[in-house]
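Summary of structural features
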Amino acid sequence: MKTRFAIAAAALALLPGASMADSVVTYHNSNQRDGAYAIHDLTLAAAANMHRDTKFDGTISGHVYAQPLFWKPKGAKHGLVIVATESNTVYALNANSGKVVWQTPVLAPPMPLSQLPCGNIDPMGITGTPVIDPASGTLYLNAMTKTGKGARHMVYALSLTDGSVLSGWPLNMQALMTGKGATFDSSVHGERSALLFFKNKLYVNYGGHFGDCGAYRGTVAQIDPETASVDAVWQTRATGGGIWAQGGIAGDGANLFITTGNTFGASSWMDGEGIIRLHPGLAHSSDTHDFFTPTNWKDLDNSDLDLGGTEALPIDIKDSGKAKRVIALGKDGKAYLADRTNLGGIGGQIQAIQVANGSIRTAPAIYETSTATMLAFTNSGSGHCSGSNVTMLNIAASGSTPISFAWCAQYNGSNGGPIITTTDGTADAIVWVPGAEGDNQLHGFNARNGKVVFSGTGTTMSGLHHYQTILATDQRLYVAGDNKVFAFAWK
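Residues numbered from 1 in each chain as written. Predicted model: local features only at pLDDT ≥ 70, side-chain atom pairs only at ≥ 80, totals over all residues. Heavy atoms only, no water.

Some points on the sheet that holds strand 6 (residues 100–103)
Stated precisely, the cut-off is as follows: By this definition, two strands are paired if DSSP reports at least two bridges between them. Labels follow the DSSP assignment, with helices taken as runs of H or I lasting at least four residues and strands as runs of E lasting at least two, numbered in each case from the N terminus. Note on geometry: axes are C-alpha line fits, over the in-contact stretch for helices, and angles between N-to-C directions span 0 to 180 degrees.
In spatial order, the strands read 3-4-5-6; together these four strands make up an open sheet with antiparallel pairing. Across the chains shown, the open sheet's two edge strands, defined by having one partner strand only, are strand 3 (69–71) and strand 6. Adjacent strand axes in the sheet meet at a mean angle of 25° when their direction is disregarded.

Structural data, given as structure tokens:
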């Protein structure tokens, strides 16, 4: 079996240079899942010129829930847009023309919904966003597959030079995790969350399926890519407690953070409805520094109002030193802010505030400056501005109520996840959001005041699913739908 270092040497021999500054290698462009992109010429004025690039081909085959990624090693003439589908096929498209550069054959048959106990994706294949290890030029993904023994989650490693499966892969996650003593049945576990590459380890997390069938558990697997093996597993102590968020697991450079959903039949708190800090190695901790859950966690359980509607976002608030915080948005419409150095245990939040009238289930985005930290999210109705469905919050470093409303705005849709672009990390900040399952158009708002900078005219897409978000590069914005990747340009 090739070692990770041999893979890296082979990949870098074919792809000149090792600097990936222009690449987007993970969900929302960072391990913090902040959804922030710096694009030097996408100014507020230029945003008015946004248009569909009708010359971009973008033809693929299969349903898409995962965010596309972007791979452009130093010295490469053109970047590749990497797209994974529920048909268990991966495409590399020329980022300029949208033509297929390479595609995998179907890695393995996806699972028909009729052969699963519940769910709402048919077929079920690659749902969670893959991740790229830039040092080795390797794409990692989780694929639900149909085997002779039934459903199996398989983790693949693909070479980004041609899409080939690397030696020693895929990994049968059910066999490897049960071998570690975990409780894991692939047929009742879903994998809608993004994978994470953190400190040379690969992290894959699992929840259940739509319908909450079977004895699934919120599960995180730590994989050693060098040996192609699972070397640690974390699971909720109670059944349920799924990890549902699109961003899944986030890293702040030192630790990992997840959110969990409702557990079943727990009379005492057993890891559901929580923000949980995991250390590499995934040892289970009962230290209150390492978890937070609201005092009404049992009510959330009983009402299926998962705190884990979105991922836990680590943020550093810089307006008074550097306050280390973590924030999550729940299906109960609340924002939960905690001190990520001491999550506080049961009821230990800094603030919990109603910010939406309904469930929040799409990934938020963060805008940080030297004087402000702001968070944008979408949902079916704002808790502050009647009739609005995109909201920006202010988050202060201190005070009894550090979360406040900055602005709200309206567009036709609420099921797409926003991103934020700036020209230099601060200036010309724009919130972009796809109107998934609404008008299916691209919308842009001034991140500082919510004023419309692009109304969506001429950008109608098709086949967008809830949770879909946007990939941004220095040339285009990309949104993936069924059988098609759409590209947008501003020049």
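Digging into the sheet that holds strand 10 (residues 171–172)
The four strands are arranged 7-8-9-10 in an open sheet whose pairing can be described as antiparallel. The sheet terminates laterally at strand 7 (131–133) and strand 10, the two strands that pair on one side only. One ladder, built from three bridges, connects strand 7 with strand 8 (residues 138–147); its direction is antiparallel. Bridge pairing in strand 8 places aspartate 133 opposite threonine 138.

A few points about the confidence of the model for the protein
Quick reminder of the rule: The score called pLDDT rates the predictor's confidence residue by residue, from a low of 0 to a high of 100. By definition, residues are in contact when any of their heavy atoms lie within 4.5 Å.
Residues of the protein with pLDDT of at least 70 account for 95%, and the chain-wide mean is 93. Taken as a whole, residues 1–21 scores under 50 in pLDDT and shows 42 contacts with residues more than four places along the chain or in a different chain.

Description of the state of the cysteines
Put simply, the rule reads: The criterion for a disulfide is a pair of cysteine sulfur atoms lying within 2.5 Å. The buried label applies to any residue whose accessible area, calculated with a 1.4 Å probe on protein chains only, is under 20% of its type's maximum; exposed applies above 50%, and partly exposed to all values in between.
Tallied over the full model, the rule gives one disulfide. Cysteine 118 shares a disulfide with cysteine 213; S-S distance 2.0 Å. Judged by the sign of its S-S torsion, about -80°, the bond between cysteine 118 and cysteine 213 is left-handed. Within this pair, whereas cysteine 118 is found in the loop between strand 6 and strand 7, its partner cysteine 213 is found in the loop between strand 12 (201–206) and strand 13 (219–224), the two being separated by 95 residues in sequence. As far as the burial class goes, cysteine 118 and cysteine 213 line up, both buried.

What to know about the environment of lysine 491
Here is the rule we go by: By the criterion applied in these results, polar contacts are pairs of N or O atoms within 3.5 Å in which, for protein atoms, one can donate a hydrogen and the other can accept it, and in which residues neighboring in sequence qualify only through two side-chain atoms.
Relative to the assigned elements, lysine 491 resides in the segment after strand 34 (484–489). Classification of lysine 491 as exposed rests on a relative accessible area of 54%. Taking the C-alpha atoms as reference points, lysine 491 and isoleucine 395, separated by 96 residues in sequence, lie 34 Å from one another. Excluding residues that lie within four positions of it along the chain, lysine 491 makes contacts with Asp41, His51, Asp474 and Gln475. There is a polar contact of 2.6 Å between the side chain of lysine 491 and the side chain of aspartate 41.

Some thoughts on empty space enclosed by the protein
One simple way to see leftover space: roll a probe sized like a water molecule over the atoms. The condition is simple: Buriedness of a pocket was judged along seven lines, with at least five required to meet protein on both sides within 12 Å; pockets are open sets of points on a 1 Å grid over the protein atoms alone, cavities are sets where a 1.4 Å probe fits but cannot get out, and lining residues have an atom within 4 Å of a point. Grid points are joined across faces, edges and corners, and a volume is the space filled by probe spheres set on the points. Residues are sorted three ways: Asp, Glu, Lys and Arg are charged, Ala, Val, Leu, Ile, Met, Phe, Trp, Tyr, Cys and Pro are nonpolar, and all the rest, Gly among them, are polar.
Going through the model one piece at a time under the given rule, you end up with two cavities of 30 Å³ or more. With three residues, the single largest contributor to the lining of the largest cavity is strand 17 (residues 275–278). Looking at the lining of the largest cavity residue by residue, the classes come out as six nonpolar, two polar and three charged. Estimates place the volume of the second largest cavity at around 30 Å³. Broken down by element, the residue count for the lining of the second largest cavity peaks at three residues, all from strand 4 (residues 80–84). Of the residues in the lining of the second largest cavity, the class split is seven nonpolar, one polar and no charged.

Some words on the packing of aromatic side chains
Aromatic ring pairs are defined here through the distance separating the ring centres and the angle between the ring planes. Let me state the cut-off plainly: Centre distance within 6.5 Å is the pairing criterion for rings of Phe, Tyr and Trp, where only the six-membered ring of Trp is used; planes under 30 degrees apart are then read as stacked, over 60 as edge-to-face, and the remainder as tilted.
Evaluation of the coordinates by the stated rule reveals 11 aromatic pairs. Ring geometry for tyrosine 140 versus phenylalanine 197: centroids 5.9 Å apart, planes at 10°, classification stacked. A residue pair is termed long-range when its members are at least 10 positions apart, and tyrosine 140 in strand 8 and phenylalanine 197 in strand 11 (residues 196–198) qualify at 57 residues. For the pair shown, tyrosine 140 and phenylalanine 197 are each scored as buried. Note on tyrosine 216 and phenylalanine 264: the rings are 5.7 Å apart at their centroids and 90° apart in plane angle, and the pair reads as edge-to-face. Note that tyrosine 216 is positioned in the loop between strand 12 and strand 13 and phenylalanine 264 in the loop between strand 16 (256–259) and strand 17, a separation of 48 residues in sequence. The exposure class of phenylalanine 264 is partly exposed, given its relative accessible area of 32%. Grouped by ring-pair contacts, the aromatic residues Tyr140, Trp169 and Phe197 constitute a single cluster.

Concerning the pairing of strand 16
Covered by surrounding structure in strand 16 are Leu256 and Ile258 together with Phe257 and Thr259, the residues of both alternating faces. Inspection of the sheet shows strand 15 (residues 249–251) paired to strand 16 by three bridges, in the antiparallel sense. Following the sheet pairing, alanine 250 is matched in strand 16 by phenylalanine 257. The hairpin turn running from strand 15 into strand 16, its antiparallel successor, is four residues long, and glycine 253 in that turn takes a positive phi close to 100°. Looking at chain direction, strand 16 and strand 17 are connected through four bridges and run antiparallel.

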